[in-house]
Structures are given as C-alpha cells and as structure tokens.
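Listed below, chain by chain, are the residues.
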Amino acid sequence: MSATPVRRMIKPVTKHAAGRLAVSLLAVAALAAPTDAAARASRSKRAAAAAATVAVDYGINLAGLPIGTARLAGSFDRDRYLMDVSAVLTGLVGAITGGKGSARASGSFTAAPQPGAFAIATQTASSGIAVRMALAHGNVVQAEVTPPLVDMQDRVPVTAANKRGIIDPVSALLMPTQGRGEPLDPENCNRTLPVFDGATRFNVVLNYAETRPVQKPGYAGPVLVCTARYQAVAGHRPDRPGVKFMEENREMSVWLAPVEGTRVLIPLRISVLTTIGTNIIEATRWSQGGTAGATGTAGAAGTSVAQASLSGQ
C-alpha cells in the first residue's frame, strides 16, 4: 500500500480522533477551603471516609480497526467530583499522527455537574493545544486557549451568553441520577448537555433507547442505552461539511453504567458515526475502590494537565 492513501485516511483521524476525541472524551480545580472551625471539622469528617472511586480503561476503534486507548479515573465524595481522562492513538495511526491528550475537571454536582475548573492538553506530531477554564455556578469566569484560535470570518461568534450555564467536556461524562434517583431509571438518559470546550459551544441531546445487560472485566449488569444528537451553537463554521454531517448524524449513542456507592453514571461505551466509519470507544476494564488520592493520575494526565492549569487555581 502506498503512503499517499494512508495519509489521506489519517488526516481526518488526526483532526477528529486526536483533537475532538480528546476534547469530547476527555482542570485542575482548587476548591475554596473553609475558614471557620465548624467547616474545618466537617471537612475532616468527610475526609475520614474513603471517597468512591472508579477507573475505566477503553479501547478506541474506527471502522473496525483499533486506533488507540483511553482511560477515565474518577473520585466522588458526596457531592464533589474529580475526573481525569487521557487518550492516546496507537499503532499506525499513532505512529503517523502522534495523537494524545489528557484532561481534568472537578467541581460539585446535584442534578447536573457544576465544574469549578477544567484543563486539557492535546498533541499531534505537528501541533498542540491547551485549554484552561475556571468556572463558577456553571459560568466561565476565566478561559485561555493556547495557541489562540485563528480568526475565521465564517465562524459563529461565541458570546458572553454562550459561556453561561455550561459544562466542560470532561464533566459532560458525569451523569448524576435524575427523577426518582434510581441509577437505571430511563429518565437518566433524557437530558441535554450544554458543553463549552473553550472554543466551541454545542449541545449533546440524549434520549432513552433501551436497557441492556452487559458483561465486561470488572462490570456485569444492566446499562442504559441513550441515543445522542449534536447541536452546534457557537464557535463553529456552519458551512463546513463536517459540521453539517454531525448535525444530521442519527448514528450516535452512549451506554451509561452506574458507579457503585454514588448517584452518578459514566459512559461504558460511546459510538459515533463519522465520515470515514463508526468510531467506538468501549470499556475494556472497569474497577472501583480505593481513596480519593488514587485518582490523581489517569495515564498521561498528570504532567500535561499540570502544565495547562490556570495560574492561581
């Protein structure tokens, strides 16, 4: 096989798998420390009990071919969360693109995540990008993209209103229980995720499809299967074929599995039809237990995300 067809196939993989995949799959947050004695005592009491933790390894396949791996590590302490996500492209795709990324998000949650900070760093053989955001009550109060985005005249402007009432791409992977609070209640599928990744604002609209049994190393039980739709809001280029394809895409779904000891669900499988085949990110191993300190790293997340953290955060 000549190098030209391979590189033609890899080019969209670089943009979508190494870039958007790392962002969508995939923040160092500093939670305000209580100053009064009663608050300090309450915090100490919470720290004495081990937080619920989960670590999930994923395989990434495109058009039936394995192209990479990913890992999610989360810690959940009552209504607080910390999540690390990392992804790396492997094999021929990885050798050509050098694609990898890592991200971290943390904050609190009730019916929906309320992130306090988010950071992500992605890299290919030819370029890299870092995004850092600080948030309060779902509103972006500080954001930085390095290097800055190129000003495209046909890009829909991101307004101040587009940065309010949002969640980051990593926090979007956290689904608190809704309705009656039962983890397998179909209502836990029915939600709209208002995502802002530092450059683009979009919605992911989920709807319940079915409940099915699943067996993976470390996890055996039912999962919720949700269909997904993409809605571009701002920061995108509406005439681009890729944007139009995603807005019309009906072949997207996510399987949600409950994290034991919490009232949250996280993806066990994500499937998205792309212009060159179906991209499937599916769990290969699921494990729970340990303490909050056990989730400090997720693959390559530690170094890259630390470098991308907001100063003063």
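Note that this is a predicted model, so its numbers are computed, not measured.

## Let's talk about the state of the cysteines
Here is step 1: Throughout the structure, instances matching the rule amount to one disulfide.
Here is step 2: Here C189 is linked by a disulfide to C226, with a sulfur-sulfur distance of 1.9 Å. Taking the sign of the S-S torsion, about -75° here, the bridge from C189 to C226 comes out left-handed. Residue C189 is located in the loop between β8 (175–176) and β9 (191–196), and its partner C226 is located in strand β11 (residues 219–234); the two are separated by 37 residues in the primary sequence. For the pair formed by C189 and C226, the shared burial category is buried.

## Considering the environment of S287
Here is step 1: Mapped onto the elements of the fold, S287 is located in strand β14 (residues 277–288).
Here is step 2: A sequence separation of 214 residues divides S287 from A73, and the C-alpha atoms of the two residues are 9.5 Å apart.
Here is step 3: Not counting chain neighbours up to four residues away, the residues in contact with S287 comprise T53, V54 and A55.

## Some words on unusual backbone geometry
Note: most peptide bonds trans; most residues except glycine with negative phi.
Here is step 1: Omega for the bond connecting T146 with P147 falls within 30 degrees of zero, at -5°, which places this linkage in the cis form.
Here is step 2: Within the fold, P147 resides in the loop between β7 (139–146) and β8.
Here is step 3: Here the phi dihedral of A63 falls at roughly 55°; this positive angle occurs in a residue that is not glycine.
Here is step 4: Residues other than glycine seldom take positive phi values, yet H137 does so here, at roughly 55°.
Here is step 5: Counting through the fold element by element, H137 comes out in the loop between β6 (128–136) and β7.
Here is step 6: The exposure class of H137 is exposed, given its relative accessible area of 71%.

## Here's the deal with the pattern of salt bridges
Two side chains that carry opposite charge are able to pair once their charged atoms sit near each other.
Here is step 1: Using the criterion set out here, one finds seven salt bridges in the structure.
Here is step 2: As a salt-bridge pair, R132 and E144 come within 1.7 Å of each other at their nearest N and O atoms. On the criterion of sequence distance, the pair formed by R132 in strand β6 and E144 in strand β7 is long-range, its members being twelve residues apart.
Here is step 3: Taking relative accessible area as the criterion, R132 reaches 14% and is therefore assigned buried.
Here is step 4: Taking the shortest distance from any N to any O, the salt bridge between K216 and E282 comes out at 2.9 Å. Residue K216 is found in strand β10 (residues 201–216), and its partner E282 is found in strand β14; the two are separated by 66 residues along the sequence.
Here is step 5: Overall, K216 belongs to the partly exposed group, its relative accessible area being 22%.
Here is step 6: Each member of the salt-bridge network shares a partner with another, and the members are K216, R269 and E282.

## So, the pairing of strand β1 (residues 52–62)
Here is step 1: β1 sits mainly inside the fold: nine of its eleven residues count as buried.
Here is step 2: Pairing of β1 with strand β2 (residues 65–77) involves eleven bridges; the strand directions are antiparallel. Paired with V56 across the strands is L72, a residue of β2.
Here is step 3: Counting the residues that bridge the hairpin from β1 to β2 gives two residues, and of these A63 lies at a positive phi of roughly 55°.

Criteria and thresholds
Residues numbered from 1 in each chain as written. Predicted model: local features only at pLDDT ≥ 70, side-chain atom pairs only at ≥ 80, totals over all residues. Heavy atoms only, no water. Disulfide = S-S within 2.5 Å. Helix = DSSP H or I, 4+ residues; strand = E, 2+ residues; numbered from the N terminus. Buried < 20%, exposed > 50% of the residue type's maximum accessible area, 1.4 Å probe, protein only. Contact = heavy atoms within 4.5 Å. Salt bridge = Lys/Arg side-chain N within 4 Å of Asp/Glu carboxyl O. Pairing = 2+ DSSP bridges.

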